[in-house]
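The residues making up each chain are set out below.
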Amino acid sequence: MIKIAWLLPLLPLLGFVVISFVTKRLKLLSALVAIGTMAASLIISLGIAYEVLRDGVTMESPVEYAVNWLSVPGLTIEAGILIDPLAAVMLIVVCTVALLVDIYSLGYMEGDPGYSRYFSYLSLFGASMLGLVVANNYFQMFFFWELVGLSSYLLIGYYFGRHSAVQANKKAFIANRVADFGFLLGFFYLFLMFGTFNFGELAQAMPAHANSAMLTIAAILVFIGPVGKSAQFPLHVWLPDAMEGPTPVSALIHAATMVAAGVYLVSRQFVLFANAEIALLVVAYVGGFTALFAATIAIVNSDIKRILAFSTLSQLGYMMMALGVGSVTAGMFHLTTHAFFKALLFLGAGSAIHAVHSNSIWKMGGLYKKMPITTWTFVIGTLALAGIFPFAGFWSKDEILLVTRDAGFTGLYILATFVAFLTAFYMFRLIFIAFFGESRSEHEPHESPLSMTVPLLILAVFSIGAGFIGAPFLEKAFWALVYYGKPHHPVPDLLVMAVSTGIALSGILLAWLIYHKKYISAEKIKERFLVVYTILENKYYIDEIYQWFFDKVVLVISSAFNWSDRNLVDGAAHGISDSIRAGGAKLRYIQTGSMQNYALVIFAATILLVIWMAIPVLGGI
Amino acid sequence: MVDLSPVVFWTISAIVIGSAIAVISSKNIVHSALFLVLTFVSVAGIYATLTVDYLAAVQILVYAGAIAIMLVFGVMLTKRGDIRESNLFNQYKYIGLLIAAGFLIMTVYMLSLTEFPVVAGPIGSSVELVAISMFGDYVIPFEGAAILLLVAMVGAVMIARGGNKKQ
Amino acid sequence: MTSIGLQHYLILAAILFSIGFYGSVAKKNGVAVLMGIELMLNAVNINLIAFNRFLNPDVSVGMIFAIFVIVVAAAEVAVGLAIIIKIYRERLTTSVNDIDWLKW
Amino acid sequence: MENVFYLLIPELIVGVLGLLLLVLGLLVPKSETKGFGLLALSGLVIVFLSTILYQGQTAEFLGGMYVIDPFATFFKQLVLIAAFLVVLASLEYVGKLGYHFSEYYSCLAFIVLGMMMMVSAGDLITFYVGLELMTLTFVILTAFEKKKAVGTEAGLKYLILGGMSSAVLLYGLSLLYGATGTTIIKDMVGIISDNGIQSILVLGMVFALSGFAFKISAVPFHMWSPDIYEGAPTPITAFLAVASKAAAFAVFVRIFITALPDLAHLWIVIVTVLAVLTMILGNLVAIPQTNIKRMLAYSSIAQAGYILLGLIAFSELGITALLFYSMAYVFANVGAFAVVIAFYNKVGSDQIKDYSGLARRSPLLAAVMFVCLISLAGLPPTAGFAGKLLLFTAVIEQGYVWLAFIGILMSMVSVYYYLIVVKHMYLGKAEEGAQPVTISVSLKTALVICLTATIFLGLYWTPLLNLALQAAQSLF
Amino acid sequence: MSFPILSIIMLAPVLGALVILMLPEKEEKIIKITAAVFSFISLVLSIVIFIMYDKSAGGIQFVEQIPWVDYLGISYKVGVDGLSLPMVLLTSLVIFTGVFASWDMHNRIKEFFIFLLVLTTGVFGVFISLDLFFFYLFFEVALIPMYVLIGVWGSTRKEYAAMKLTLYLLIGSVFALVAIIATFLYAAAPEYLGFITLDMVALGTVTYDIAFQKFAFLLMLVGFGFLVPMWPLHTWSPDGHVAAPTAVSMLHAGVIMKLGGYGLIRLGVFYYPEGAKYWAPVIALLCIVNVVYGALVAMVQKDLKFVVGYSSVSHMGYVLLGIAALNTLSLDGAVAQMFAHGIMTALFFALVGNIYHKSHTREIARFGGLAHQMPRVAAGFVIAGLASLGLPGLNNFVAEFLIFLGAFSVDQVILGFISFRLLAILGILGIVITATYVLRVVQFTFFGPRKAEWDHLEDAKGIEMVPIVILIGTLILFGVYPAPLIDLINSGVEPLVAKIQAAAEIGGIF
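Thresholds, definitions, all that
- Residues numbered from 1 in each chain as written.
- Chains lettered and ligands numbered in written order.
- Predicted model: local features only at pLDDT ≥ 70, side-chain atom pairs only at ≥ 80, totals over all residues.
- Heavy atoms only, no water.
- Helix = DSSP H or I, 4+ residues; strand = E, 2+ residues; numbered from the N terminus.
- Buried < 20%, exposed > 50% of the residue type's maximum accessible area, 1.4 Å probe, protein only.
- Contact = heavy atoms within 4.5 Å.
- Buried area = accessible area lost by both parts, 1.4 Å probe.
- Salt bridge = Lys/Arg side-chain N within 4 Å of Asp/Glu carboxyl O.
- Polar contact = N/O pair within 3.5 Å; in protein donor to acceptor, adjacent residues only side chain to side chain.
- Expected span 1.5 Å × (residues − 1).
- 1 Å grid on protein atoms, 1.4 Å probe; cavity = no way out; pocket = protein on both sides within 12 Å on 5 of 7 lines; lining within 4 Å.
- Points joined across faces, edges and corners; volume = space filled by probe spheres on them.

A. Quick look at the overall build of chain C. Each helix and strand in chain C was counted, giving three helices and zero strands. Secondary structure elements of chain C, listed N to C terminal, follow the sequence α-α-α. C-alpha extents for chain C along the principal axes are approximately 50 × 30 × 25 Å. Here chain C holds 104 residues, and the buried ones make up 85% of them. Taking all contacts inside chain C whose residues are at least 6 apart in sequence as the whole, residues at least 24 apart take part in 57%.

B. Spotlight on the interface of chain B and chain C. Across the contact, 92 residues belong to chain B and 73 residues belong to chain C. Roughly 7400 Å² of surface becomes buried between chain B and chain C when both sides are summed, with 76% attributable to carbon and sulfur atoms. Summed over the shared surface of chain B and chain C, the number is zero salt bridges. Counting across the interface, chain B meets chain C through 10 residue pairs in polar contact (both at pLDDT 80 or more).

C. Quick peek at the interface of chain E and chain D. Listed by partner, the interface residues are 35 residues for chain E and 36 residues for chain D. Summing both partners gives a buried area of about 3400 Å² for chain E against chain D, and 83% of it is carried by carbon and sulfur. Of all residues in chain E, E:W68, E:Y71 and E:Y147 give up the largest surface area on contact with chain D, accounting jointly for 17% of the area buried on that side. In this assembly, chain E and chain D are joined by three salt bridges. Notably, a salt bridge pairs D:R360 with E:E25, separated by 2.8 Å at the nearest N-O pair. Among the elements of the structure, β1 (61-69), α4 (109-128), α5 (132-153), α6 (158-187) and α8 (210-227) of chain E are those that each provide at least two residues to the side of chain E that touches chain D. The element contributing the most residues to the side of chain E that touches chain D is α6(E), with 14 residues.

D. Seen up close, helix α19 (residues 462-475) of chain D. An ideal rise of 1.5 Å per residue puts 20 Å on 14 residues; α19(D) measures up with 20 Å between its terminal C-alpha atoms. Within the span of α19(D), buried status applies to D:T462, D:L464, D:L465, D:A468, D:L469, D:A471, D:A472 and D:L475. Close packing links the buried residues of α19(D) with α3 (70-97), α10 (234-259), α13 (316-347), α16 (383-397) and α18 (441-459) of chain D together with β1 of chain E.

E. Broad picture of the layout of surface pockets. Of the volumes computed, that of the second largest pocket is approximately 1400 Å³. If you go around the second largest pocket, you meet 39 residues; those closest to its centre are D:I455, E:V14, E:L18, E:I114 and E:V118. Counting only elements with at least two residues in the lining of the second largest pocket, the list comes to α14 (358-361), α15 (363-377) and α18 of chain D together with α1 (5-22), α4 and α5 of chain E. By residue number, the principal contributor to the lining of the second largest pocket is α1(E), which donates seven residues.

Set out below in structure tokens:
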């Protein structure tokens, strides 16, 4: 199956083409094409995973093959396939979630006029994402990196009739552009240093330049890419707004897969960061900060999808932090589990939104009676996210905390633990408000159709079970496959487990007290910390700062340039042409019409010439 | 050196210049015309001092005889208003003078710088030489001049017949 | 008094030419302008003949040139007067000052 | 002396043609008017063919008084082509005039004769007589039109200014004669190099140059030309702008290159100044013009500036370029004036604004005008470009890059006012109910000839270049 | 002589024009079909030579030569190499699609197509000429008809724009012409060639004196800089683009501007490598102004075409950046960018023209939600926009990538703290700004709630789709599989780079 890995991106791409040009008018067929191609990709992915395990493909000995895509003297760009356990894991995650989301969308998008368009975009996304995962060089990575950005743009703006949606997709694209700018520069630097884009060749060459200034700069620049794509501070602003897209899209792209691409990128070429310590620190602290930063915002938000979005931010920060402290294993492990339970959460949220026609958690409430499957799968996802034993999140989060502490980042460890508390708190706030308590919906909610609930159930199973692939007590588990350097078998640390579980439970408890039992008034707290609340509610005003920058700086400069273009640059040209014309208009009056005047001029000129010729200094005789 | 009385030259030159100035300064166009005849005749005198008798004769016949008379006719045909005020200066009186003076000064200056390799010697029979040349080497310009006169005649008729009175 | 040489004739011609020029630019009457031109041409003739006489008296090039100049002058005056007459008929003026319809 | 008078056959035919037309005018009744034009045309064709017989021949006779060489032949042919086109363009105009049919064509023939005398002149006297024959006849043709006061004015201006300038020219020629003792142009050079450069020679050179500058209307000696071009009947304007300028150039070049090369260091700087002034002023003043004839007059002035570049280069290439450009200029300028004639014949206006919508009213007129103006501006694919390329190559070869710059920049300025005409023709809207402009066959022939020649010579210029080259080589 | 394929490519349009000249004015349909057929001949033959060109051999191929003017060593010589062949293909693509983009015109069709086709012949001629005389001749032939085309069939201050454009371009050509003349005269000196010739290949074999190179390259730079257009010589281009009718905008922004870049490479860099090195810092500085300034100005435009116009200014800055960097990658990229930008901007103008034709306005503020009424146009516009912002998978990305990488790898300080690398970074920043304004325009024009005002607009269909499909297809084809194009370009750039490397090391002007 590895031999046909190149089919992975091609199949969905084919799906995209077919949907766009052939089955556009046949909605159901379009959906089936999308699902079929994605299912085929999933099968190939599974086959690849099987072969990886069977043939003992390791991180050190990946299977790689490539063709020259472009070759000019001094530059060879390959189109290649690189399969190692990291890629295999990522493939399975992507394909699985994508397939489930495709199926879910069958029901969710029912009756939407842009049904086929929606599935074509999803296929395009699938193709780009899979292409990104199997890339064997930076160029190809960047290529698909941008294409997933495009798919994201298209899908966020799927409801292009809504101002907010098109505003959001623009914002997403631009934020990603800024990030890609850094990414591009980063691997330009690498190319300058090593003359290749190929991951393997770079990996071999890098240690010789370990911690050199240039490599550090390159690493930090490359990291800007993930900062954008994985929505790390300060380029995180686009992700919450990206929730304007259809909910399954949020689940697939803006929670499970695409945003994880940043984490994947850092893991993919971890050797770069490993050889640039400062860059690694940057990764760790940006990740940690984002984890905390986003979690605090999530506490006060009332939009179900945005809460999940901030939670995604926070969790991505976690992953980055794990990478930053040096553990690809932990980062990727969390990526995997997070993909499942976050997809579950989003799909569940979508189901709820579908039922109540609103995003606001205050418009929901008491859904557990009407929508049991949605509710309970959602709770499972939440438990996984909160890191409650034995759900998937528990294992992965624990591993992150563990490696952070082991690597000596005590500060980050405490921060991460605190974030775990916050996570548990805001997620259960959401649960208690939206799914339990009084029904506040204006609509009569009802359970979603089968095509939506089945993926929920499947994902719930994954959310429970996926953690075990990396459970520390297993002998040959996730850690043995995906790692950097040499595999590191995590030793279970009961203290860390206990602390994190305890703190998560306390978060749940606090939420229960405030929002379910209402022993503590949320209003009072809000009034007490009004300043803090306002800041959080406004997401630290980051959006406003950017908006100000754009409106007051960029647009002002633009207008100034525009003015100068019209008045200075063009003005100079007009000045010249006007003066020529004016010169002509003036000079014509020397032609007075009087012939004796003419004669005088002619003779005067003759005499002047004679005088000139009579004076040797002037060139005369 | 040509044997020549300087007195004759100076006298005739004075008449030439004086009458030429009178042509210009006279306010009456008829007087101007008469002074012009005087100038032409005196120029013929200059020719005579150069012993170019033939040209002196031509000068008197053509210029004093024909051209000057033609000019007088022209004056008469276009007579209008007071004849005593018929030949006034225009606005270029002074600047024209300036340029004319400049012209004179520069020309004289340049002439004065030149050394001429004067060849002294009597001139042959001028009429004979001219006649031979006219129908020898100079036949083409001669014929051209003939056509020129013809054209001038035809043209003068064409033009003078045209034009209509207009108040 | 020194003997009269070529220079004298040339200067006489130059003076006559200048006077002729002055007359043709500073007078209003068209006929007077023509007169000025005739004076200029006469000056040229003096030049030509003087050169011929003083520099190479054995060939008569200058004289022949002068004759052609006289011929041309005559033709010019004829045409000039015809035009002046026509213009007089059209505009009732012979003042060249007023003849400035064509300008700019 | 070998009998080489047969070389004068072209001149003789033209002279006979002129006289014949004059005489026939007295004999033939007034109603038979067309015949004169056709007679003139066929006569000119015969003359042209007879000049082809002497292509490439070199001969002198009457002791160097008269010269037949490729240079002269080139200009004769140029003049004849111009005359032919002008006669074609005149047929309709003269037909409408109603009088002086025979005199008109006969005068044209005499002008051609004068020009032929000028370009073949081997001595100053022949040249002078030819010049005056040409000038005076032009004066007649400028002023002869009845009921057209501006024509008379133009005639008077031309006569008086021409007379004064030829007085100066003559004064200069007399000084040249005095300095060298001869009027034979090619004998002068030897005497000058023997005698050295005397101040009288310089004075004569400057006066002569002033006279020539007047004839080719180089700034500041140009002042007569816009008025006369505007006032004269348009076919005459075309002829004046093209042929008289070319003939004057021919003599200018012949005298200054053959007789005065020792003074080249002096006259080249003067000519350079004149050329620069001419290019700048001619083009600038053309911009605000509203009368198309006057605009073309200023443009003609500017063109003289370009042609002068060839003289400044003072090289074989320069003279070749000058010759080539003169020929290119003939087709372009006559073409443009032919459009003006055709338009005036039908619409009765010379105002540029009345050309609005001409592209709709007569695509041919608009196209010819367009192409001719492009050629005048020196843009490909027209003969004007080839000519300007040669001219600029010639001056740059001599190191005058700045001069080429001014020249080309000014020709871009010229594009501006040419485009204004194009703008009216193509972009403008004709007035309500404007009729299509019909063109007579003869004019159409002239237009098509100009159009074809302009484009053909712009694309494939080897034949003309070879002729010009041959002509230029005969001077050096 | 073998089959004169290049001459036929070049002459097909003008033959078409002649045929149209014979047709009666009322037969609009036949006129359009004629134009399409003749431009199709060019297109097919261009594709044929694109495929037949032997990349491994490189150099100039399909040469035809006829002696023309012996005295100046002029011959009618045409041929293509890796630099010109993509341009020929570009031209034939743009003109063919341009004819279809003009399908809806009804005003003075006959004249329109005559001028358009003559113009096209000029453009082809420039790209295939191997003789300076013909090069310049075609160059001007490509410019003159523009005046009438814009003036008659244009919109928005058309007369002003037409005049401005024509004069600017002609003034630019002045500088180029002086440089051309100086060059062949210089080369004719006995110590160099010893004979006068305008053969571009022969002139390329001469090593010019450095002082001369500095001078001549400056002239070329200014001359072709007008065309490219290089800041601050650029103001004609937005005005011209805006005023021009659709097909002319396409041809103009798509091809005519490329004449500048092509000329600068073919004549400037190729003849005067040292001069190029000397002036490269100036080009680099100005081109970054182009990129950033153009993009920022585009951001605040209110007219759709002005946005595209300024975006062209910005994008052509990349071409200049590629030229300034003077290495294989950057020059490959510069040529590829000319091709890609040509296709992209032609697509833009075709779409804007489509909208304008139906709505009679281009004011962005009046639009909104057009994707509801015109989904195909919207999709096309988005794709063009994505190409413009350099999205992978579209041709522009490849080109820009090569330029950036090439420019980025130049390690040279230009002035004080400004290094080449910094300028390259600013250039890359330009694509961020591009993304901003492109997406803003897309948003304001096509997205948002449906407006009833525009319900009468019909989506593109039938023949209108021809240009859209062809151009998008080209963008994607060479975006996904650029190797044929880039290999071809590289075969042309190689000798150039060899020359640059062989040239003496000479510092920049600063």
